[in-house]
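# What the coordinates show
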Amino acid sequence: MPEQIRAIRGVRDILPAEAPTWQTLEAAAREVFEPCGYRELRLPLFERTELFARGIGETTDVVEKEMYTFQDRSGESVTLRPEATAAVARAYIEHGLFTQPKPVRLYTVGPMFRYERPQAGRYRQFHQVNVEALGEAAPALDAEVVGMLMAYFARLGLADRLALHVNSIGDAACRPAFRAALAAHLEANLGRLCEECRGRVARNPLRVLDCKKPDCQPVIEKAPSILDALCGPCREHFDRVRAYLDALGLRYEVTPRLVRGLDYYVRTTFEVLTGELGAQNAVAGGGRYDGLIELLGGPADPGIGFAIGMERVALLLGPRPDPAAAAVLLVPLGEPALRRCLALAQALRATGVPTEVAYGGRKLRGELERANRLGIPRVLILGDDELAAGVATLRDMRSGEQRRIPLREAVAVLGGGPAAAGDRA
Ligand code: AMP
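Now for a look at the structure at hand. Note that the structure is predicted; figures quoted are calculated from it, not measured.

Cut-offs used in this document
- Residues numbered from 1 in each chain as written.
- Predicted model: local features only at pLDDT ≥ 70, side-chain atom pairs only at ≥ 80, totals over all residues.
- Heavy atoms only, no water.
- Phe/Tyr/Trp six-rings, centres within 6.5 Å; stacked < 30°, edge-to-face > 60°.
- Helix = DSSP H or I, 4+ residues; strand = E, 2+ residues; numbered from the N terminus.
- Buried < 20%, exposed > 50% of the residue type's maximum accessible area, 1.4 Å probe, protein only.
- Lys NZ or Arg CZ within 6 Å of the ring centre and 35° of its normal.
- Salt bridge = Lys/Arg side-chain N within 4 Å of Asp/Glu carboxyl O.
- Pairing = 2+ DSSP bridges.
- Near = heavy atom within 4 Å.
- Polar contact = N/O pair within 3.5 Å; in protein donor to acceptor, adjacent residues only side chain to side chain.
- Areas by Shrake-Rupley, 256 points an atom, 1.4 Å probe, with all protein chains shown as cover.
- Axes fitted to C-alpha atoms, helices over the stretch in contact; angles between N-to-C directions.
- Contact = heavy atoms within 4.5 Å.

## Things to note about the packing of aromatic side chains
What characterises a pair of aromatic rings is the spacing of the ring centres plus the angle enclosed by the ring planes. One pass over the full model with this rule turns up nine aromatic pairs. A centroid spacing of 5.8 Å and a plane angle of 65° characterise the contact between Phe33 and Tyr107, whose relative ring orientation is edge-to-face. In this pair, Phe33 is assigned in helix H1 (residues 19-33) and Tyr107 in strand S5 (residues 104-113), connecting sequence segments 74 residues apart. We classify Phe33 as buried; its relative accessible area is 0%. Note on Tyr68 and Tyr115: the rings are 5.8 Å apart at their centroids and 75° apart in plane angle, and the pair reads as edge-to-face. Note that Tyr68 is positioned in strand S3 (residues 68-71) and Tyr115 in the loop between S5 and strand S6 (125-134), a separation of 47 residues in sequence. An aromatic cluster is built from Phe33, Tyr107, Tyr152, Phe153, Phe270 and Phe306, whose rings are joined through pairwise contacts. The lysine or arginine in question, Arg12, covers the ring of Tyr123, its NZ or CZ lying 5.6 Å from the ring centre. The ring of Tyr115 carries Arg124 above its face, with NZ or CZ at 3.8 Å from the centroid.

Here it is in structure tokens:
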């Protein structure tokens, strides 16, 4: 027997039973973001490697260790996108979207690829909903974006199970001094840091603040706070963002240790955390990236956005009822009846009733068993002599009750038309 070929490690199939959950996540994005003026952008899944190396930062975990990078047949280095923002910025520049009235509000949904150690809630191909608002520096936009993120979770009924954390990580004016002070503190405590963090001190000391290892916590707790190091403009920006979040009635915590894994962030950063998923506790994260568009060869336009981790939200949401589950099974008991049932199924489906037809081969008892297994609540049985009399038998699978209905009323009865009310009573 040929050997079975399995999916790649860290990559999962989203099976039909999970589809209603995923469709709910996607529909909620459209329903929440579009009334706020956000429009969908669909981007390629791979880009030139240079885009991510320059955009995300050469010394980040993502670029150093996690990218799926390969040479295509022409020898060009390409990378499966590990995140969306750099690609959104590329498209914004390439298509001159920056000439539109600002802010330019965009969202995109799709898979990302990172070579991480797979575990529950962490995969090598995962999916994100991304939102980006480009070309506007006003702190009120930060509040709009964060407010929309929380509105998304509220729409899914998850608001009470999540906590919003916000911070400011300063900008090019104030972060270098903070970075130096932090590095000095970490340097002085090098022996008390985990191995990974020791490597980070010189290259990317802010990342140490993000370390979850117990060993590092005492050193992190004693570290200087970025909020004490903000320059005047960054401080004012953050004060105003908080005032607007308050005006929106949002609950949040200011978490000075909240830094993000990618280099392009400045000023406002935020994360949404859950206590229900173990170590993979971040369901969404984002922030401002005011220098990114310029860094990628575009105008000096600011930007802010977030990414929602769909696998993690799907875990929180759990299974959803399937709106496409068959509501009725038509069981013809002969050839003329089958022909009538095919036409009836078409009419029912056209009114939005998911309908299945038994194509024969099974006895009536077998069809009823199948309806039970599929959870189909009603079965319409049509024998050839019933057909001749213009009637059919409607069986309620839960109660086992059967009654005759006129065939010409079948669509109304099964489709929720006027006759259906009586049918339910
Ligand atoms: P990041 O771009 O790293 O800030 O990620 C944004 C969100 O995507 C995180 O808060 C997670 O919910 C999700 N995420 C990131 N990496 C993974 C992964 N490897 N597997 C599943 N979800 C992820």
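## So, the pattern of salt bridges
Tallying each qualifying case throughout the model produces 29 salt bridges. Among the ionic pairs, Arg42 bridges to Glu40, the shortest N-O distance being 3.1 Å. For the salt bridge of Arg207 with Asp61, the shortest nitrogen-to-oxygen distance reads 3.5 Å. One end of the pair, Arg207, is in the loop between helix H7 (195-203) and helix H8 (217-221); the other, Asp61, is in helix H3 (residues 61-66), with 146 residues separating them in the sequence. Pair check on accessibility: Arg207 and Asp61 agree, each one buried.

## Considerations on the sheet that holds strand S11 (residues 303-309)
To summarise the sheet geometry, strands pair through backbone hydrogen bonds and adopt either a parallel or an antiparallel arrangement. Read from one edge to the other, the open sheet built from eight strands follows the order S1-S5-S6-S11-S10-S9-S7-S8, with strand pairing classed as mixed. Strands at the two margins of the open sheet, each flanked by one partner only, are strand S1 (39-40) and strand S8 (253-254).

## Some points on the site of the ligand
Among the 14 residues in the neighbourhood of the ligand, the closest are listed as Arg114, Glu116, Tyr123, Arg260 and Ala282. At 2.6 Å from a nitrogen atom of the ligand is found a side-chain nitrogen or oxygen belonging to Glu116. Contacts to the ligand include Arg260, whose side-chain N or O atom sits 2.5 Å from an oxygen atom. About the coverage of the ligand: the protein hides 90% of its 480 Å² of free accessible area.

## A few points about the sheet that holds strand S13 (residues 355-357)
In space, the five strands of this open sheet follow the order S13-S12-S14-S15-S16, with mixed pairing throughout. Since the sheet does not close on itself, it has two edges, and those belong to S13 and strand S16 (402-406), each with one partner. In this sheet, neighbouring strand axes are inclined to one another by 25° on average, regardless of whether the strands run parallel or antiparallel. Across three bridges, the pairing between strand S12 (residues 328-332) and S13 is parallel. Residue pairing across strands places Val328 opposite Thr355, the latter belonging to S13. Contacting S12, S13 and strand S14 (378-382), helix H12 (residues 335-350) runs over the sheet at an angle of about 165° to S13.

In short, geometric facts, not functional conclusions.
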